[in-house]
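Here's the letter readout for the chains.
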Amino acid sequence: MALEERRVSNLDSSAETTVVDSAHQLAPRPTTIKGTGLSESLLLDLLLKHLLAGGVLTKEQMVKLLGVTGGIIQHLLDAAKALAWVENRQTTIDGQMRYALSAGGEIHAKQALSRNGYLGLAPVPLKQYGDICKKQSSRANPITFDMLEKGLSALVLPKDLLFKIGPAMNSSRPVLIYGPPGTGKSYLCRHLNLTIGDNVLIPYALAIGNEVIQVFDPELHHRVETKGNVSSLNLVKGHDPRWLRCKRPLRITGGELTAEMLEVQFDSHSRTYMAPLQLKANNGILLLDDLGRQKISAKQLFNRWIIPMEERRDFLSLQSGEHFEIPFELILLFSTNLNPKELVDEAFLRRLGYKIHFDALDEALYKKIWFKVCADLNLSCTEEVFQYLLDEFHKRYKKPLIPCYPRDLLGIMSDQISFMEFERVVTPSLVDSAWSIYFV
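How each quantity is defined
- Residues numbered from 1 in each chain as written.
- Predicted model: local features only at pLDDT ≥ 70, side-chain atom pairs only at ≥ 80, totals over all residues.
- Heavy atoms only, no water.
- Helix = DSSP H or I, 4+ residues; strand = E, 2+ residues; numbered from the N terminus.
- Expected span 1.5 Å × (residues − 1).
- Buried < 20%, exposed > 50% of the residue type's maximum accessible area, 1.4 Å probe, protein only.
- Arc of directions from axis to C-beta.
- Phe/Tyr/Trp six-rings, centres within 6.5 Å; stacked < 30°, edge-to-face > 60°.
- Salt bridge = Lys/Arg side-chain N within 4 Å of Asp/Glu carboxyl O.

Observations regarding helix H6 (residues 103-115)
Its 13 residues give H6 an end-to-end C-alpha distance of 19 Å, which sits within 8% of 18 Å, the value for a rise of 1.5 Å per residue. All of the buried residues along H6 are Gly 105, His 108, Ala 109 and Ala 112. For H6, the angular spread of the buried residues around the axis is 100°, confining them to a single face. Of the exposed residues in H6, those oriented more than 90 degrees away from the buried face are Ala 103 and Ile 107.

What follows is the structure in structure tokens.
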């Protein structure tokens, strides 16, 4: 039940309304503290921490900072006033009431901050996250051949490869893509999100009891705004602001991957929790590039993810030792230049389900890529010069037709042309020079 993205430049009001309504149905805006799924004490502590950081705030500012309605903020303010933690301050020019902490409120806010340093939107409860995450599964709307072909239209790929990748994207099992370097494995994986082409709701943070884990990562989660912004004080319209509407995430990690990155991370200095990479990648794609070159061995990695890969659920823990379950609702891709049989045993390879081999291209596809890159770089090349490349270099030195070669070789030629102020024409002498620079 993903949020449909209209792929047109000018969205009309009806399409915009459909997107907003879809989000509202998935995550309706709560109007009471009970509806948030959180305890009053957690929300009250969060409000006081925001007041401690902001000094003096209006109710509207607090609504935006916590992502809850004005009615909930007012309830929390009344409770804080009853405990003598919040005081009224002089109103703004436009008549808005302003609030600040009392001396007692400042003490309580600092104590709350020392226990948990999280300062952001109110989190969403774990159960609600699990329910919505499963509803937003990319597998709810299976990918078809036409969708895959359209999404990858900018790439030049063998047709038989599409017939292997498409079913793998619909599968609940991980996918291993392997083959020689430069055959386009990572490049393809980076474009697979285009085939899904819709948006999802990502929680800013999760509440595990009274602990909070931040999930939203601005470097990974790219927000999608609608034209019709709903007033933050409106109690009926719009979806729950604690959920941010984003493109499906694509998380790529390579040799930097460590075992610690697969667990909830706790910063003892700021007293805050950050979500592991698989939690951040939920409802999207997680690509583990260069498998076998990580700081964690492939065997350790697969041992850690046996249950998530088979049961589509993962188990995490907090600093306190409390364990909890989250959905493992993502497309998991592994890419490697190494022989899969040297990485893991047959039992692990069987669990991967799909193993897709990438190899050198045939001459027709290689030629298509060559002239496409020429056009991208504004270079002119004749059929005779291309044949010269094949005969004098690829065939003579028995170099396979690897997809990355046209981009790399023509890139070198383009740099030489710019430096020497030549016409943007590929010549045999430029081919000679680029080949000698590129290959050792």
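A closer look at the packing of aromatic side chains
Considering all chains together, one arrives at 17 aromatic pairs under this definition. Of the aromatic side chains, those joined through ring pairs into one cluster are Tyr 388, Phe 393, Tyr 397, Tyr 405, Trp 435, Tyr 438 and Phe 439.

Looking at the pattern of salt bridges
Across all of its chains, the model carries 19 salt bridges by this definition. In this structure, the salt-bridge partner of Glu 87 is Arg 89, at a minimum N-O distance of 3.6 Å. Residue Arg 89 is classed as partly exposed on the basis of its relative accessible area of 36%. In this structure, the salt-bridge partner of Glu 263 is Arg 304, at a minimum N-O distance of 2.6 Å. Taken as a pair, Glu 263 in the loop between strand S10 (250-253) and strand S11 (265-267) and Arg 304 in helix H13 (residues 298-304) lie far apart in primary sequence, 41 residues in all. Residue Glu 263 is classed as partly exposed on the basis of its relative accessible area of 27%. One salt-bridge network, held together by shared partners, links Arg 139, Arg 312 and Glu 329.

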